[in-house]
Amino acid sequence: MRQFARAMLVLLLTQLAWACGGVDNSDDSNKGIPGVTESEIVVGSSLALTGHAGYLGTQTLQGARAYVKYINDNGGINGRTLRIKAVDDSYDPPRCLANTQEFIISGDVLALFSYVGTPTTVKVLPLVEEARIPLIGMFTGANALREPFNRYVVNIRASYYQETKAAVQHMINDLGIRKIAVFYQYDAYGFDGLIGTELALKQYGLEPVARGSYIRGTQDVTEGLKKIVESGAEAVVMVGTYGACARFIELALDDGFNPVFYNVSFVGAEELARRIPEGNPTVLMSQVVPPPMSVGSEDDAAVQYVQLLERYFPGEPPSFVGLEGFLNARILVEGLNKAGRDLTREGLIRAIESIRNFEMGPGLSITYGPKDRQGLDQVYFTRLMDRHFVPFTDWNTLHRKVAP
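These numbers were taken from a predicted model, which means no experiment stands behind them. For every chain, the first residue of the written sequence is number 1, and numbering continues from 1 along that sequence. Given that this is a predicted model, residues contribute local features only at a pLDDT of at least 70 and side-chain atom pairs are listed and counted only at 80 or more, while totals for whole chains, interfaces and linings are drawn from all residues. The side-chain quantities take in all heavy atoms of the structure and omit both hydrogens and water.

## Remarks on the pattern of salt bridges
Pairing between side chains of opposite charge can happen when the charged atoms of each approach one another.
Piece 1. We count a salt bridge whenever a side-chain nitrogen from Lys or Arg sits within 4 Å of a carboxyl oxygen from Asp or Glu. Scanning the entire structure with this criterion turns up 16 salt bridges.
Piece 2. Linking Glu 278 and Arg 387 is a salt bridge whose minimum nitrogen-to-oxygen distance equals 3.2 Å. Here Arg 387 lies in the loop between β13 (380-385) and β14 (388-391) and Glu 278 lies in the loop between α10 (269-275) and β10 (282-287), a separation of 109 residues in the sequence.
Piece 3. Only protein chains enter the calculation, and the probe is 1.4 Å; a residue is then buried if its accessible area is under 20% of its type maximum, exposed if over 50%, and partly exposed in between. A relative accessible area of 65% places Glu 278 in the exposed class.
Piece 4. Each of Arg 151, Glu 346, Glu 353 and Arg 373 takes part in a single network of salt bridges with overlapping partners. Helix and strand labels come from DSSP, where a helix needs a run of H or I of at least four residues and a strand needs a run of E of at least two; each type is numbered from the N terminus.

## Observations regarding the packing of aromatic side chains
Piece 1. Stacked, edge-to-face and tilted are the three classes for Phe, Tyr and Trp ring pairs, Trp counted by its six-membered ring, which pair at centre distances within 6.5 Å; planes under 30 degrees apart are stacked, over 60 edge-to-face, the rest tilted. A complete count under the given rule lists 17 aromatic pairs for this structure.
Piece 2. Taking 5.0 Å as the distance between ring centres and 85 degrees as the angle between the ring planes, the aromatic pair formed by Tyr 186 and Phe 191 counts as edge-to-face.
Piece 3. According to the relative accessible area criterion, Phe 191 is partly exposed, its value standing at 31%.
Piece 4. An aromatic cluster of at least three residues, connected via ring pairs, comprises Tyr 91, Phe 139, Tyr 160, Tyr 189 and Phe 266.

## Overview of the side chain of Asn 263
Piece 1. In this structure, Asn 263 sits in strand β9 (residues 260-263).
Piece 2. We call two residues contacting when some pair of their heavy atoms lies within 4.5 Å. Setting aside its immediate chain neighbours within four residues, Asn 263 contacts Met 238, Cys 245, Leu 272, Val 283, Leu 284, Met 285 and Ser 286.

## Brief notes about the domain arrangement of the protein chain
Piece 1. For the domains described, the bounds stem from an automatic or database domain assignment. The domains assigned to the protein chain are domain 1 (40-158 + 293-368) and domain 2 (160-287 + 382-398).
Piece 2. The interface is formed by 23 residues belonging to domain 1 together with 23 residues belonging to domain 2.
Piece 3. Buried area is understood as the total, over both parts, of accessible area removed when two parts are fitted together, assessed with a 1.4 Å probe. The junction of domain 1 with domain 2 conceals about 1800 Å² of combined surface from both sides, 60% of it contributed by carbon and sulfur atoms.
Piece 4. The largest contributions to the domain 1 side of the interface with domain 2 come from His 52, Tyr 55 and Phe 320, which together make up 34% of the buried area.
Piece 5. For the interface between domain 1 and domain 2, the tally reads one salt bridge.
Piece 6. Between Arg 157 and Glu 163 there is a salt bridge; the shortest N-O distance is 3.1 Å.
Piece 7. Contacts described as polar in this section are N or O atom pairs within 3.5 Å, which, within protein, must combine one atom able to donate a hydrogen with one able to accept it, while residues neighboring in sequence count only if both atoms come from side chains. Our count for the domain 1 to domain 2 interface comes out at ten residue pairs in polar contact (both at pLDDT 80 or more).

Spelled out as structure tokens, the structure:
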């Protein structure tokens with residue numbers, strides 16, 4: 001109730017500001033536009049910088065900042081520098097809500113940017129809608145950010161429904177697996193992955209042979225593991241964070257249970273690989289960006305990300321998560337450039353709507369429209385080899401190992 005009351009307060013304050021003329025998003029001048037000065041544009045980011053999802057937030061932010069630093073070093077955006085005002089929410093929905101309320105009430109940010117996580121981001125959607133503030137480039141594939149349509153919510157990556165659908169199709173069609181279980185975080189994120197898997201299985205007249213869950217912020221996976229082991233599942237769709245998923249795999253192997261362990265992209269490839277014990281499990285992960293590359297075309301975002309990461313964060317290893325943050329920043333900058341010098345929130349949204357065939361590398365072309373806020377649709381697959389997730393496309397190589 002306390003969080004609800006605070007949310008209602010911020011909505012009333014925002015409406016009062018509009019009524020008094022303090023925030024006018026219809027004006028084409030920059031007078032009174034939040035987060036915009038003569039020399040600077042500020043966007044606000046609430047994301048996990050500490051806690052059990054801290055790796056995901058820090059990598060997302062680092063990737064975004066690598067591109068922002070590059071843009072600022074090369075003249076900025078229409079004569080202004082861009083700054084990301086990042087605050088930690090530790091992947092905690094009430095903290096994310098409070099951070100967002102502060103962004104809106106303070107009037108210090110033009111837009112919200114690169115939020116991390118489903119339960120946190122979904123929590124702020126009513127504020128985004130009421131305040132009419134753009135929310136751009138979230139590290140989550142939640143369906144609630146796509147349906148119903150919200151003109152202020154700009155997705156860049158593919159959804160969890162798209163990831164789980166592609167994975168289920170490969171497991172059934174290429175590996176001959178039909179007994180598929182789901183291990184999921186018991187919250188909006190986990191439910192989204194569970195529903196996506198159920199919808200994909202339904203197309204084959206199937207449903208999960210077992211459903212096992214755990215509570216967000218813990219690694220108490222034993223009850224969920226027991227249900228899945230008893231089901232005799234040949235594959236497990238895993239929708240959690242890296243710590244809990246790694247613990248599940250570790251205990252499963254200790255119990256002699258070694259199915260295909262498939263993880264959605266949010267789990268975090270590099271951190272999951274580091275935590276999985278030695279052995280020979282079949283661990284797969286879908287990705288919504290291509291692998292970061294050190295060589296190739298200068299127009300390829302995956303190459304540019306690695307180069308700029310080394311320039312601005314020397315010694316930091318590239319990651320799939322960091323690349324996603326980098327792509328988020330590229331779309332934000334493209335929208336700001338198109339919006340021109342006379343920035344407003346509505347102007348930024350109209351500019352993003354006008355993006356057509358924006359190329360960022362092979363398979364990375366983005367087009368938006370008045371009723372289209374979905375950027376990329378590609379799903380890539382990786383497998384764990386020598387403690388690293390590496391790309392693969394030939395599922396037959398897995399077939400000989402999984403189902404000889």
